[in-house]
Amino acid sequence: QQQVKQSPQSLIVQKGGISIINCAYENTAFDYFPWYQQFPGKGPALLIAIRPDVSEKKEGRFTISFNKSAKQFSLHIMDSQPGDSATYFCASRPNQKVTFGIGTKLQVIP
Amino acid sequence: SAVISQKPSRDICQRGTSLTIQCQVDSQVTMMFWYRQQPGQSLTLIATANQGSEATYESGFVIDKFPISRPNLTFSTLTVSNMSPEDSSIYLCSVYRTGGENEQFFGPGTRLTVL
């Protein structure tokens, strides 16, 4: 049973555009919502994370928006660059074990 | 952050053989995790390895197939036993570091191909 539903599975964005990836979770016990970025041949790297007591967190061009009542959160990449082309995983956890979404393969084209 | 290294980075193995993957962390951590990532797929937790106790396996994974050792707080091994082509995946070591945001970090992975 997938506890974190992620969409879309693939995304193509023009350079300079906004990339938006959405996730929904089911378990209200989840208390931490990280996003991971994975380049081919590499392990996932923590990109940004949020806790449910805030509705938005911004780090540079990356923003997480969190809607607790809807049990949804999203990643926005502003001014997307070709170097952002990677697979992005949303995740959540009720404890130390992270549950991952299916992943979104982002391609930013010049 | 935590610096995690894995050996080997990749291997090609024959059906029926076993491969042991090593994970080394640059500092002591209580909890280490092993994940599997099949081609183009998400990450699936295999087991949690705590030093001084038996590993805890997730549903669908058993100790006979994926024995794990955790001899100290900076090292762990995962063995993939009696391999079949279905075991071809990337195997990732991960650690959970307490303090701050209690973040989870991943190693670079071991890409296994079974012929």
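Described below are features of the structure shown in this document.

## Brief notes about the sheet that holds strand β3 (residues 19-25) of chain B
Residue and element names in this part refer to chain B.
1) Next: Across the sheet, four strands lie side by side as β1-β3-β8-β7; this open sheet has antiparallel pairing. The sheet terminates laterally at β1 (4-7) and β7 (68-72), the two strands that pair on one side only. Between one strand axis and the next, the sheet turns by 15° as a mean value, whatever way the strands run.
2) Next: Relative to β3, β1 runs antiparallel, the two being bridged by four bridges. Paired with Ile4 across the bridge in β3 is Val25.

## Observations regarding the interface of chain B and chain A
1) Next: In this complex, chain B contributes 20 residues to the contact, which on the side of chain A involves 17 residues.
2) Next: Regarding the contact of chain B and chain A, the summed buried area is about 1,500 Å², with carbon and sulfur atoms giving 51% of it.
3) Next: Broken down by element, the residue count for the side of chain B that touches chain A peaks at four residues, all from strand β4 (residues 31-37) of chain B.
4) Next: Partitioning the side of chain B that touches chain A into residue classes produces nine nonpolar, seven polar and four charged.

## Re the state of the cysteines
1) Next: Under the definition given, this model contains two disulfides over all chains.
2) Next: For Cys13 of chain B, which is in no disulfide, the shortest distance to another cysteine sulfur is to Cys23 of chain B and amounts to 18 Å.

## Side note on the packing of aromatic side chains
1) Next: The full count for this structure, using the stated rule, is 16 aromatic pairs over all chains.
2) Next: Ring centres of Tyr25 of chain A and Phe66 of chain A lie 6.0 Å apart, and the angle between their planes is 15°; on these two criteria the pair is classed as stacked. One end of the pair, Tyr25 of chain A, is in strand β3 (residues 19-25); the other, Phe66 of chain A, is in strand β7 (residues 62-67), with 41 residues separating them in the sequence. Exposure class is identical for Tyr25 of chain A and Phe66 of chain A. Each is buried.
3) Next: Ring geometry for Phe100 of chain A versus Tyr35 of chain B: centroids 5.8 Å apart, planes at 85°, classification edge-to-face. Of this pair, Phe100 of chain A sits in strand β10 (residues 99-100) while Tyr35 of chain B sits in strand β4, which puts the two residues in different chains. Summarising the burial analysis for this pair, Phe100 of chain A and Tyr35 of chain B share the class buried.

## Some points on the pairing of strand β4 (residues 33-38) of chain A
Residue and element names in this part refer to chain A.
1) Next: Taking burial as the measure, the six residues of β4 include six buried ones, the bulk of the element.
2) Next: In β4, alternate side chains face the same way, and those of Phe33, Trp35 and Gln37 on one face and Pro34, Tyr36 and Gln38 on the other are all buried.
3) Next: Where β4 and strand β5 (residues 45-50) come together, five bridges link them in antiparallel fashion. Within β5, the residue paired with Phe33 across the bridge is Ile50.
4) Next: As consecutive antiparallel partners, β4 and β5 are separated by six residues, and within that stretch Gly41 has a phi angle of approximately 80°, a positive value.

Parameters at a glance
Residues numbered from 1 in each chain as written. Chains lettered and ligands numbered in written order. Predicted model: local features only at pLDDT ≥ 70, side-chain atom pairs only at ≥ 80, totals over all residues. Heavy atoms only, no water. Pairing = 2+ DSSP bridges. Helix = DSSP H or I, 4+ residues; strand = E, 2+ residues; numbered from the N terminus. Axes fitted to C-alpha atoms, helices over the stretch in contact; angles between N-to-C directions. Contact = heavy atoms within 4.5 Å. Buried area = accessible area lost by both parts, 1.4 Å probe. Nonpolar A, V, L, I, M, F, W, Y, C, P; charged D, E, K, R; others polar. Disulfide = S-S within 2.5 Å. Phe/Tyr/Trp six-rings, centres within 6.5 Å; stacked < 30°, edge-to-face > 60°. Buried < 20%, exposed > 50% of the residue type's maximum accessible area, 1.4 Å probe, protein only.

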